[in-house]
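# Summary of the model geometry
Spelled out from the first residue to the last, the chains are:
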Amino acid sequence: MASSSSRRSGHSRRAQFSLFTGYVAAILGAVLGLALLGLSFWQPQWAGFMRGAASDATEPAGQTTAVTRSRGQGFIDSIQGYLRAGSQNSKLQEEIEVARIKLAESEAISQENARLRALLELEQIDDKPVVVTRLISSSATSARRYAYIGAGRSDGLEVGMPVRSSRGVVGRVLEVGSSTARILLLTDSESILPVRRAKDEVIGLAQGRGDGLLNIRLVNLGINPLEVGDMLVTSGTGGYYRPGVSVGIVSEITDEGALARLVADPASADYVAVGKIWVPEAVIAADSDPGAPFEAGPESTSEEGAATQETGQ
Amino acid sequence: MAKRSSRMRSDSYSRESMRDYSPTLAYTIPYLLILLGSILPSLAFSSAMPFLPPFGFVLLIAWRIIRPGLLPMWIGLPLGAFDDLFSGQPFGSGILLWSIAMITIEFVEARWPWRGFWQDWAIYASAISTYLILALAVSGTFPTMHHLVAIAPQLLLSLLLYPIIARMVAVFDKLRLKRFKVIS
């Protein structure tokens, strides 16, 4: 069937004119879109207030689906447990999994302690989360990986705060609305996080690859010491994250480092905790003057990481 | 007897007299569906890769194909801007790509007006695949092979969805043109 002939302009001046104005209006729209897109590349956060308002408005729906999602997962888990050996089995397995992660984390903490003892200068930092909330929505259609959490400026959130689940790092706050906040997930390809191997001092950068895996690039080139199954934790450089929080497990060795799977898949997390920025001074220093000499070694790379996460959009 | 308006002539939708379309339904349903299509996928949670079809865009194209002339050509501007608020793309990418899609389909339709279900599906398929690839290109990250592999399931799902979406849009179109009793 041909499309209705009334829509073909033919010899009618009026119809030709309206078709022409249609094209003009649509092309103007496209040009405006191009201009706004350019602005978004230049100033990624400029539209944040609109996104914040939009996500604040849809927050109730997001909260509802988040509750349904976690309940649904619990339901499926218990069915699976019953089919195997009763629902207890699945619970115990989950506990063991968490315990394994905790064990690796504690290895990292003892390593950290040894280093701090060597430094002698100890400082107590308040480690209580700013807020505990749910993940309410995500960019499920875009190639970028963002999520929204159900807490915002009114809960004391600020841009840059680290977000973690009970298992490990989830991401970092990117934009703050009044009751929601937009976070950059670890799996996004613009997210770079300084990591180290839990059991020793092998350091590297974990960058999202765009397909759910993390690409680990080692800072010190040479023989690749990583092995499949190694646990990676945050190194604390860059100043955003507390050192020793689990990030990923090495699943494949590559030329420049490794590929790692996430430890804390945000999709399966019920609640996430937003913490304070670990060393705000380091973040400010890294943001304000990237060219300034910033002590030795890993910091120079973490500056790059921090800066990329900041502007990553 | 007063002359009956052309809108009130009898057709398969109305067997009774004194019935007319509801202008509210007729003019809002397509837009409401597309706006809802922009919001819904964001409520599903995905941390690894995009897996849901871009429903807003899918519905825009479906309405455009099934009811040519209903959506004005410039509609990509407001609807695309709304989609940008939820999609995670940099603001402006939806406005640009949705506008381009509307212009391109208008252009193609003027040149090759003969259509059937399979041609519709082909137009839809090329629109969706071009959109997903261009959206990746302007997403603000450097697209790699891994990104392309990651959008493959989403693309496949979107393409296979057309018969269902077309049916759904047709059902809503029927609702849109439902006649209600009018008192005059």
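## What about the pairing of strand β8 (residues 203–208) of chain A?
All names here are of chain A. The buried fraction of β8 amounts to five of the six residues, a majority that puts the element mostly inside the structure. Strand direction decides the pairing type here: strand β7 (residues 192–197) and β8, joined by five bridges, are antiparallel. Bridge pairing in β8 links Val-195 to Gly-204. Counting the residues in the hairpin turn of β7 and β8 gives five residues.

## Observations concerning the interface of chain A and chain B
Contact residues are listed per partner, giving 53 residues for chain A and 55 residues for chain B. Counting only elements with at least two residues in the side of chain A that touches chain B, the list comes to α1 (13–42), α2 (48–57), α3 (59–85) and β2 (135–138) of chain A. Broken down by element, the side of chain A that touches chain B gets its largest block of residues, 15 residues, from α1(A).

## Details of the nonpolar core
Of all hydrophobic cores here, the largest spans 55 residues; its most connected members are A:Ile149, A:Val173, A:Ile183, A:Ala206, A:Leu232, A:Val247 and A:Ala260. A total of five residues in this core trace back to one element, the largest contributor, which is strand β5 (residues 169–176) of chain A. Once residues lying within four places of it in the same chain are set aside, the contact partners of A:Leu232 are A:Val195, A:Arg197, A:Ala198, A:Ala206, A:Ile216, A:Val247, A:Gly248, A:Val250 and A:Ala260. Counting 52 residues, the second-largest nonpolar core is a separate cluster that includes B:Leu59, B:Trp74, B:Leu79 and B:Phe86.

## Examining the environment of A:Val233
Residues and elements named next belong to chain A. Mapping Val-233 onto the fold places it in strand β10 (residues 231–234). A residue is classified by how many C-beta atoms lie within 10 Å of it, and Val-233, with 29 of them, is buried. Taking C-alpha positions, Val-233 is 13 Å from Gly-171, a pair spaced 62 residues apart along the chain. Dropping the residues within four chain positions of it, Val-233 is found in contact with Glu-105, Ala-108, Val-195, Arg-196, Ala-198, Gly-244, Val-245, Ser-246 and Val-247.

## Here's the deal with the confidence of the model for chain A
Residues and elements named next belong to chain A. Residue-level pLDDT values for chain A average 81, and 82% of them are 70 or greater. In the model of chain A, helix α6 (residues 298–311) stands out as the element of lowest mean pLDDT, 42, in contrast to strand β6 (residues 181–185), which has the highest, 93. In the model, residues 290–313 has pLDDT below 50 throughout and makes 47 contacts with residues more than four positions away in sequence or in other chains.

## Description of the packing of helix α5 (residues 117–137) of chain B against helix α6 (residues 145–160) of chain B
All names here are of chain B. At a minimum axis separation of 10 Å, α5 and α6 run at an interaxial angle of 155°. Between α5 and α6, the angle falls in the class roughly antiparallel. Taken as a pair, α5 and α6 cross one another with a handedness that is right-handed. Two secondary-structure elements touch here, α5 through Ala-125, Ile-128, Ser-129, Leu-132 and Leu-136 and α6 through His-147, Ile-151, Gln-154, Leu-155, Ser-158 and Leu-159. Considering only residue class, the contact of α5 with α6 consists of seven nonpolar, four polar and no charged.

## Topic: the sheet that holds β6(A)
Residue and element names in this part refer to chain A. Reading across the sheet, the seven strands line up as β1-β13-β4-β5-β6-β3-β2 and stay open at both edges, with antiparallel pairing between neighbours. Across the chains shown, the open sheet's two edge strands, defined by having one partner strand only, are β1 (131–133) and β2. Neighbour-to-neighbour, the strand axes of this sheet turn through a mean angle of 35°, independent of strand direction. Direction of pairing for β1 relative to strand β13 (residues 272–274): antiparallel, over a ladder of three bridges. Looking across to β13, one finds that Thr-133 is bridged to Val-272.

Parameters at a glance
Residues numbered from 1 in each chain as written. Chains lettered and ligands numbered in written order. Predicted model: local features only at pLDDT ≥ 70, side-chain atom pairs only at ≥ 80, totals over all residues. Buried ≥ 20, exposed ≤ 12 C-beta atoms within 10 Å, placed from the backbone. Helix = DSSP H or I, 4+ residues; strand = E, 2+ residues; numbered from the N terminus. Pairing = 2+ DSSP bridges. Contact = placed C-beta atoms within 7 Å. Core = buried A, V, L, I, M, F, W, Y, C linked by C-beta atoms within 7 Å. pLDDT = per-residue confidence, 0-100. Axes fitted to C-alpha atoms, helices over the stretch in contact; angles between N-to-C directions. Parallel < 35°, antiparallel > 145°, perpendicular 65-115°, else oblique. Left-handed = near helix turned anticlockwise from the far one by under 90°. Nonpolar A, V, L, I, M, F, W, Y, C, P; charged D, E, K, R; others polar.

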